[in-house]
Amino acid sequence: MEDYGRFLALLVSALLVGFVSVIFSLVWVFHYREGLSWDGGPREFNWHPVLVITGFVFIQGIAIIVYRLPWTWNCSKLLMKFIHAGLNTIAMILAIVSMVAVFEYHNARNIPNMYSLHSWIGLTAVIFYSLQLFLGFAVFLLPFAPVPLRAALMPIHVYSGLTVFATVIATALMGITEKLIFSLKNPAYSASPPEATFVNCIGLLLVIFGALILWMASRSHWKRPPEENAKVLRPIGGTPEGTEAESTMTDGSNADKSDLRISSEAARKQNLKLDEAGQRSTM
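Please read these numbers as outputs of a predicted model, since none were measured by experiment.

Student: Tell me about the overall build of the protein, and name the residues and values.
Tutor: A count of helical and extended segments in the protein gives eight helices and zero strands. Ordered by position from the N terminus, the helices and strands of the protein form the series α-α-α-α-α-α-α-α. Out of the 283 residues belonging to the protein, those deemed buried represent 41%. Expressed as a percentage of contacts within the protein between residues at least 6 apart in sequence, the contacts between residues at least 24 apart total 74%. In the form shown here, the protein has an accessible surface area of approximately 15,200 Å², with 68% of it arising from carbon and sulfur atoms.

Right, dumping it as structure tokens:
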């Protein structure tokens, strides 16, 4: 791997920042917000930020970069697909549970649902994430989709995944700000009480975590090498998939290199023939 030391430093930083974000969310709800419960009260609502940060942000971020981990490149591509899908499934379940907690809390307190921009974008992110997960299973994990279809949909799959992840980060920032504005009365949020400062730090950690994940996911030289993608699921009635996610972006350059090698080999053989002809003419 090129720049392995830099990748490792960024990976450790992302894991540390993400883990600290999860711990800080627990400190927030237990130290400032009465803890966790499932009773229709404020403690049930507290599950929402904890599960969103844990699942929809942290676990989803790890799922995005799991293919980039160099020590997994000797594993079969199929195994890495199952790990990627499994992490995203866990994140999806936690996100759904977090939404259930909010709706139950609102309904118990007769608070209107789906009136804020935070709720609109949050529900949109959950819906698109569900579609992303379903299409990922149907197209890339199950052995039915033909290779050309996978190759055509892979750039869309990658782009939409990164877009949903960035949207989730933005939605989380709106949500924690909204919660502080509604909850902090005396002193108010504008007075910067300790809770406000602490939760603002959580927001900064989420931004840093998102930036690290997106940077690692967007570096082409940290992709899983195509030659390591031999052990993959073969579509029924099709040919081996070979290089799928990462290799589709480099097929053109590989083809050019193959053509260059063929041309070079042909030129070498032609030179040998000319040399042999020259030798025979002087004998």
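Student: So, a nonpolar patch on the surface: which residues are in play, and what are the values?
Tutor: Taken together, Trp38, Ile93, Ile96, Val97 and Val100 make up a surface patch of nonpolar side chains, about 410 Å² in accessible area. Structurally, valine 100 can be placed in helix α4 (residues 77-108).

Student: Talk me through α4; I want residue IDs and the actual numbers.
Tutor: Between its first and last C-alpha, α4 extends 47 Å over 32 residues, near the 46 Å set by a 1.5 Å rise per residue. Asparagine 110, located one to two residues past α4, shows a positive phi value of around 55°.

Student: Describe the packing of helix α6 (residues 147-183) against helix α7 (residues 194-218), with residues and values.
Tutor: Remark: α6 packs on α7, axes separated minimally by 10 Å, with the N-to-C direction vectors making an angle of 175°. Between α6 and α7, the angle is such that the two are roughly antiparallel. Where α6 abuts α7, its residues Leu162, Phe165, Ala166, Ile169, Ala172, Leu173, Ile176 and Leu180 lie against Glu195, Ala196, Val199, Asn200, Gly203, Leu206, Val207, Phe209, Gly210, Ile213, Leu214 and Ala217. Residues that form the contact of α6 with α7 fall into these classes: 16 nonpolar, three polar and one charged.

Student: A description of the side chain of asparagine 46 should follow, citing residues and the corresponding values.
Tutor: Positionally, asparagine 46 belongs in the loop between α2 (42-45) and α3 (47-65). On the accessibility criterion, asparagine 46 (3% relative accessible area) is buried. At 2.5 Å, the side chain of asparagine 46 forms a polar contact with the backbone oxygen of arginine 33. For asparagine 46, the side chain forms a polar contact with the main-chain oxygen of glycine 35, separated by 2.7 Å. Setting aside anything within four residues of it in sequence, one finds asparagine 46 in contact with Val29, Arg33, Gly35 and Leu36.

Student: Would you mind going over the side chain of serine 98 in detail, with residue names and values included?
Tutor: By the secondary structure assignment, serine 98 is in helix α4. Serine 98 sits in the buried class, given a relative accessible area of 1%. A polar side-chain atom of serine 98 sits 2.6 Å from the main-chain carbonyl oxygen of alanine 95. Serine 98 has contacts with Trp47, His48, Leu51 and Val52, leaving out every residue within four places of it along the chain.

Student: I'd love a proper account of the packing of aromatic side chains, names of residues and values included.
Tutor: Going through the model one piece at a time under the given rule, you end up with seven aromatic pairs. Both rings, one in phenylalanine 58 and one in phenylalanine 209, keep their centres 5.8 Å apart while their planes meet at 45°; by these two values the pair is tilted. Of this pair, phenylalanine 58 sits in helix α3 while phenylalanine 209 is found in helix α7, placing the two residues 151 residues apart along the sequence. Per residue, the accessibility class of phenylalanine 58 equals that of phenylalanine 209, and both read buried. By the ring-pair criterion, three or more aromatic residues cluster together here, those being Phe24, Tyr32 and Phe198. Sitting over the face of the ring of tyrosine 67, lysine 77 holds its NZ or CZ atom 5.5 Å from the ring centroid. Cation over ring: arginine 219 sits above tryptophan 215, and NZ or CZ is 3.7 Å from the ring centre.

Rules and cut-offs
Residues numbered from 1 in each chain as written. Predicted model: local features only at pLDDT ≥ 70, side-chain atom pairs only at ≥ 80, totals over all residues. Heavy atoms only, no water. Helix = DSSP H or I, 4+ residues; strand = E, 2+ residues; numbered from the N terminus. Buried < 20%, exposed > 50% of the residue type's maximum accessible area, 1.4 Å probe, protein only. Contact = heavy atoms within 4.5 Å. Areas by Shrake-Rupley, 256 points an atom, 1.4 Å probe, with all protein chains shown as cover. Patch = residues over 30% accessible without salt bridge, like charges linked within 9 Å, V, L, I, M, F, W, Y side chains within 5 Å. Salt bridge = Lys/Arg side-chain N within 4 Å of Asp/Glu carboxyl O. Expected span 1.5 Å × (residues − 1). Axes fitted to C-alpha atoms, helices over the stretch in contact; angles between N-to-C directions. Parallel < 35°, antiparallel > 145°, perpendicular 65-115°, else oblique. Nonpolar A, V, L, I, M, F, W, Y, C, P; charged D, E, K, R; others polar. Polar contact = N/O pair within 3.5 Å; in protein donor to acceptor, adjacent residues only side chain to side chain. Phe/Tyr/Trp six-rings, centres within 6.5 Å; stacked < 30°, edge-to-face > 60°. Lys NZ or Arg CZ within 6 Å of the ring centre and 35° of its normal.

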